[in-house]
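Below are the chains, spelled out letter by letter.
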Amino acid sequence: MTEAILLVGGKGTRLRPLTVHTPKPMVPAAGVPFLTHQLARARAAGVEHIVLATSYLAEVFEPHFGDGSSLGLHIEYVTEEEPLGTGGAIRNVASRLHSGPDEPVLVFNGDILTGLDIRALVRTHETTGADVSLHLTKVTDPRAYGLVPTDGTGRVLAFLEKPQTPEEIVTDQINAGAYVFRRSVIDTIPAGRPVSVERETFPELLSAGAHLQGMVDSTYWLDLGTPAAFVRGSADLVLGRAPSPAVPGRCGDRLVLPTATVAPDAKLAGGTVVGEGAFVAEGARVFGSTILPGAVIEPGAVVTDSLIGTRARVGERSVLTGTVIGDGAVVGARNELREGVRVWCDARIPEGAVRFSSDQ
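Quantities reported herein were computed from a predicted structural model and do not represent experimental measurements. (Residues numbered from 1 in each chain as written. Predicted model: local features only at pLDDT ≥ 70, side-chain atom pairs only at ≥ 80, totals over all residues. Heavy atoms only, no water.)

Draft legend 1. Inspection of the overall build of the chain at higher detail. Looking only at helices and strands, one finds 7 helices and 28 strands in the chain. In terms of overall dimensions, the chain has a C-alpha envelope of 70 × 50 × 35 Å along the principal axes. Sorting the 360 residues of the chain into buried and exposed places 56% on the buried side. Of the contacts made within the chain by residues no fewer than 6 positions apart, 52% connect residues no fewer than 24 positions apart. When the accessible surface of the chain is split by element, carbon and sulfur atoms take 50% of a total near 15300 Å². Here the chain contributes 32 positively and 41 negatively charged side chains, and the mean placements of these two sets differ by 5 Å. (Helix = DSSP H or I, 4+ residues; strand = E, 2+ residues; numbered from the N terminus. Buried < 20%, exposed > 50% of the residue type's maximum accessible area, 1.4 Å probe, protein only. Contact = heavy atoms within 4.5 Å. Areas by Shrake-Rupley, 256 points an atom, 1.4 Å probe, with all protein chains shown as cover. Lys, Arg positive; Asp, Glu negative; His and termini not counted. Charge placed at Lys NZ, Arg CZ, Asp CG, Glu CD.)

As structure tokens, then:
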């Protein structure tokens, strides 16, 4: 297995305002675009050729990664004129693949942070003779996911949409978003129209008698679709809980990029990242948060489990918990923002304008 398809065309609507100017896979996690971690892990597993299936803000990817040689890869880019869904995107890039009809092709989503043993998934695919092999993971509450029950040998029995009642929860195994396709199977996906592998391709293959194999790997797995999850994923990369050869520095309590400035008495912990050219002033406390390039955290501010966008500013003694501040936004001094607040790009919150507690 030497080539892969990486699906990076989504709009990342659940992550807005982070994705207003930046496609989701290019939002920095642990100091580099999230996509860098996925590419590096694929390369470490033996992948040499990767085709990026792009759509939303497609023009951003190639200027950053080029031909992939800096990562030891050969990267090609295919842009969808209209969104084609997961299956349609896979089919749309098929002409760029070099594999023979029976050779394996790795396919993975651009918004999953995982410790999956990629080589083990490929071995499972080859030893079982499967047409498609799926990475499955176990979750404590599977109601938000599609369920994938398997038999005693790991062969997939069904694809069940999000369960609505306790009786419908027949397994805790879910589709974890990484697959190995037999190359010839990709050519059976309809071309030129939107197709979902989860709702159309896999169920139809199953009903036609194809061999779909599941491999349960319950190491680290996180869907980075929400701001809270993205912040957590970045922190876990810094802390070493999530594996990646692309973290630009040693794992530990904090990651400060070389051109960032942090005051001597500022406190950083919990996997916090301070991006290039960012500034954390005296007396500030930042825990488990991502400070993107050029952002400023003013004196005495407290930032917890939050993401501060590029060139954004958090005012003196403001307290932010579980919030997202868009690129270029300004939060004035002595504001108090709590879980779920999203401040849009270039917005301005005046001094002391938002509070959840008394001003005394």
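Draft legend 2. Spatial organisation of the sheet that holds strand S13 (residues 261–262). Taken in spatial order, the 6 strands of this open sheet run S13-S16-S19-S22-S25-S28, and their pairing is parallel. The open sheet has two edge strands with one neighbour each: S13 and strand S28 (348–349). Bridge count for strand S25 (residues 330–331) against S28 is 2 bridges, and the pairing is parallel. For Val330, the partnering residue across the bridge sits in S28 and is Arg348. (Pairing = 2+ DSSP bridges.)

Draft legend 3. Focus on the nonpolar core. Ranked by size, the top nonpolar core spans 30 residues in total, and within it Ile5, Ile90, Val132, Leu134, Phe181, Phe202 and Leu212 carry the most contacts. Listed by contribution, the elements that provide at least two residues to this core are strand S1 (3–7), strand S4 (49–54), helix H3 (85–92), strand S6 (104–109), strand S8 (132–138), strand S9 (173–182), helix H5 (183–186) and helix H6 (197–207). No other element matches the 4 residues that H6 contributes to this core. Apart from residues no more than four positions distant in its own chain, Leu134 is found in contact with Leu121, Val156, Phe159, Asn175, Ala178, Tyr179, Phe202, Leu212, Gln213, Gly214 and Met215. (Core = buried A, V, L, I, M, F, W, Y, C linked by side-chain atoms within 4.5 Å.)

Draft legend 4. Structural context of the environment of Val274. Looking at where Val274 falls in the secondary structure, it is placed in strand S15 (residues 272–274). We classify Val274 as buried; its relative accessible area is 0%.

Draft legend 5. Structural context of H6. Of the residues making up H6, those classed as buried are Val197, Glu200, Thr201, Phe202, Leu205 and Leu206. Positive phi appears at Gly209, one or two residues downstream of H6, with a value of about 90°.

Draft legend 6. Spotlight on unusual backbone geometry. Each neighbour pair has its own omega, and for Arg16 with Pro17 the value is 15°, a cis peptide bond. Summarising the element assignment, Pro17 is placed in the loop between S1 and strand S2 (28–29). At Arg311, a residue that is not glycine, the phi angle is positive and equals roughly 65°. Within the secondary structure layout, Arg311 lies in the loop between strand S21 (307–308) and strand S22 (313–314). A positive phi angle, near 65°, is found at Asp346, a position not held by glycine. Asp346 gets classed as exposed once you look at its relative accessible area, which sits at 53%.

Draft legend 7. Seen up close, the packing of aromatic side chains. Applying the stated criterion to the full structure yields 6 aromatic pairs. On the numbers, 5.9 Å between centres and 70° between planes, the contact of Tyr145 with Trp221 is edge-to-face. In this pair, Tyr145 sits in the loop between S8 and S9 while Trp221 sits in strand S11 (residues 221–223), placing the two residues 76 residues apart along the sequence. Relative accessible area serves as the criterion here: at 26%, Tyr145 is assigned to the partly exposed category. (Phe/Tyr/Trp six-rings, centres within 6.5 Å; stacked < 30°, edge-to-face > 60°.)

Draft legend 8. Spatial organisation of the sheet that holds S1. Judged by pairing direction, the sheet is mixed, and its 7 strands sit side by side in the order S5-S4-S1-S6-S9-S8-S10 without closing on themselves. This sheet does not close on itself; its edge strands, each paired only once, are strand S5 (74–79) and strand S10 (212–216). The mean angle between the axes of side-by-side strands here comes to 25°, regardless of whether they run parallel or antiparallel. The pairing of S4 with S5 spans 6 bridges and is classified as parallel. Within the sheet, the bridge partner assigned to Val51 lies in S5 and is Glu76. The sheet contacts of H3 involve S1, S4, S5, S6 and S9, and relative to S1 the element is tilted by about 140°. Along the sheet, H6 contacts S8, S9 and S10; its crossing angle with S9, the most-contacted strand, is approximately 65°. (Axes fitted to C-alpha atoms, helices over the stretch in contact; angles between N-to-C directions.)

Draft legend 9. A look at the UniProt feature "domain: Nucleotidyl transferase" (unreviewed entry) in the chain. In the UniProt entry, the feature "domain: Nucleotidyl transferase" (unreviewed entry) is given for residues 4–236. Annotation note: span residues 4–236, helix share 26%, strand share 23%, distance between end C-alpha atoms 25 Å. (UniProt positions renumbered as here; feature names shortened; annotations may be inferred.)

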